[in-house]
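Inside the fold
Next come the chains, spelled out residue by residue.
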Amino acid sequence: MFNINLKDRCKKCKVERALRLCPRANQGLCWRCCNALRVDLKCPADCPYAGKLIANNPMPAFKADNIAEMQQVIKRHIDLWVHKSREDLDHQSPAEYAEAHPDDMLKWLTGFQYPDYFPLDYLMRKLELDLEPAESGSNPEDVAAEYISHIIALEYDELLLHTMNASSLPELQHRYADLLSTVPFLKKVKSYSFIHTARSEDGAQCVVFMELNHKQEWCLILRQEDGKWYVRQNINGNPSLYFKQNALYEKIAGHLANSEDQKAYFEIAEALRSYVDSADLYYYRALYWLLVKQQDTPRWISSMPSLWTITSLRPICTWD
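What you see is a predicted model; the values in this text were computed from it and never measured.

**Some remarks on the side chain of Glu267**
Tracing the sequence through the fold places Glu267 in helix α9 (residues 261-274). Beyond its immediate stretch of four places on either side in the chain, Glu267 contacts Leu248, Lys251, Ile252 and His255.

Here you go:
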């Protein structure tokens, strides 16, 4: 099962984070090595990650903690599935039936429903069928991957384009780049791995939990607007920090209201280590400078939308 605090390495690949105890291998595995095993549908039925056959559906259901995992395990299963004979296809394999009866195969496949982010285009290519896939919406993990890829390439000026910030503030792009480029760890990022992705109940907000350099926990908070996903916030740590920030901001506001400048400064400085691009924290820091009459101190108050809250989250891609 998913464990937010587990940092052991996978006992098979020795590289990725071990996220679940595999009853079949009796070892802690990452989701990639788990996929390599469970794709044959031979895992114990009591394992929550075992593939499960679904009535009136050609594909089994797989539980997944992120979109990348779900797509990978389905593609691996498709590689096996296209070459196995089926009774409902005249005892031919899907590949054989598609070659002999392409129109009938298309009609058969379109009679089923597929979950979000199902790699239908990959299935069509494996069967060599001509079907233009339906246009799919933006994928939050794809946006997160592109955002982190810019960080890896030190392309900080490209980051703002993936955010919701539509402010007309002059030089905002460079100021946002300067903000992220001052985070020491980000300059050392060379790789990333998706750990867990979850959406809010209304489906409009999303937390993408990642591991950078196979070591550092990192979260991107995203929001969907007009069918597209945009980065809303970076968090240096795991998702538990997201749910703690409202209480922290209230505490800082209380210190400022009571003119407790030293306590406010300490809380703000510590919080910026975790909430590296929080608009609220930069606003509170500016208030602190006003409180101690350091109005000439260089500062930048982000014009990003103010803090928003996800009260509950659900896995984004569990579809069994």
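Read on for the rest.
**A look at the pairing of strand β4 (residues 205-212)**
Of all eight residues in β4, eight are buried, a share of seventy percent or more. Burial of β4 is two-sided: the residues Gln205, Val207, Phe209 and Glu211 facing one way and the residues Cys206, Val208, Met210 and Leu212 facing the other way are all buried. Bridge count for strand β3 (residues 192-200) against β4 is seven bridges, and the pairing is antiparallel. Along β4, the bridge assignment pairs Arg199 with Cys206. In this antiparallel pair of consecutive strands, β3 and β4, the connection spans four residues, and Gly203 shows a positive phi of 75 degrees.

**A few points about unusual backbone geometry**
Positive phi values are uncommon outside glycine, yet Asn26 reaches one of about 55 degrees. Structurally, Asn26 can be placed in the loop between β1 (20-22) and β2 (27-29). One non-glycine residue, Leu41, lies in positive phi territory at about 65 degrees. Here Leu41 shows up in the loop between α1 (31-38) and α2 (67-81).

**What about the packing of aromatic side chains?**
Aromatic rings considered in pairs are described by the distance between their centres and by the relative angle of their planes. In this structure the tally under the stated criterion is nine aromatic pairs. Judged by centre distance (5.4 Å) and plane angle (85 degrees), the ring pair of Tyr242 and Phe243 falls under edge-to-face. One aromatic cluster is present, built from ring pairs that chain together Tyr249, Tyr275, Tyr283 and Tyr284. If you follow Arg20 out to its NZ or CZ, it ends over the ring of Tyr49, 3.7 Å from the centre. Over the ring of Tyr49 we find Lys63, and its NZ or CZ is 5.0 Å from the ring centre.

**Things to note about a negative patch on the surface**
There is a patch of like negative charges on the surface, built from Glu155, Asp157, Glu158 and Asp178. As for its position among the elements, Asp157 is in the loop between α6 (140-152) and α7 (172-181). For Asp157, a relative accessible area of 32% gives the class partly exposed.

**Concerning the pattern of salt bridges**
As enumerated under the stated definition, the model contains 14 salt bridges in all. The partner of Arg20 in a salt bridge is Glu69, and the shortest N-O contact between them spans 2.7 Å. Taken together, the residues Arg20 in strand β1 and Glu69 in helix α2 connect sequence positions 49 residues apart. The burial state of Arg20 is the same as that of Glu69; both residues are buried. Between Asp40 and Arg24 there is a salt bridge, and its shortest N-O distance comes to 2.7 Å.

**Let's talk about the nonpolar core**
Nonpolar side chains in soluble globular proteins tend to end up buried together. Grouped together as the largest cluster of nonpolar side chains are 78 residues, with contacts concentrated most on Met105 and Leu186. Beyond its immediate sequence surroundings of up to four residues, Leu186 is in contact with Ile151, Tyr156, Leu180, Leu212 and Trp218.

**Thoughts on the environment of Lys251**
Note that Lys251 resides in helix α8 (residues 240-257). The spatial distance from the C-alpha of Lys251 to the C-alpha of Lys263 is 9.7 Å, given a sequence separation of 12 residues. At 3.1 Å, the side chain of Lys251 forms a polar contact with the side chain of Glu267.

Reading the values: rules and limits
Residues numbered from 1 in each chain as written. Predicted model: local features only at pLDDT ≥ 70, side-chain atom pairs only at ≥ 80, totals over all residues. Heavy atoms only, no water. Helix = DSSP H or I, 4+ residues; strand = E, 2+ residues; numbered from the N terminus. Contact = heavy atoms within 4.5 Å. Buried < 20%, exposed > 50% of the residue type's maximum accessible area, 1.4 Å probe, protein only. Pairing = 2+ DSSP bridges. Phe/Tyr/Trp six-rings, centres within 6.5 Å; stacked < 30°, edge-to-face > 60°. Lys NZ or Arg CZ within 6 Å of the ring centre and 35° of its normal. Patch = residues over 30% accessible without salt bridge, like charges linked within 9 Å, V, L, I, M, F, W, Y side chains within 5 Å. Areas by Shrake-Rupley, 256 points an atom, 1.4 Å probe, with all protein chains shown as cover. Salt bridge = Lys/Arg side-chain N within 4 Å of Asp/Glu carboxyl O. Lys, Arg positive; Asp, Glu negative; His and termini not counted. Charge placed at Lys NZ, Arg CZ, Asp CG, Glu CD. Core = buried A, V, L, I, M, F, W, Y, C linked by side-chain atoms within 4.5 Å. Polar contact = N/O pair within 3.5 Å; in protein donor to acceptor, adjacent residues only side chain to side chain.

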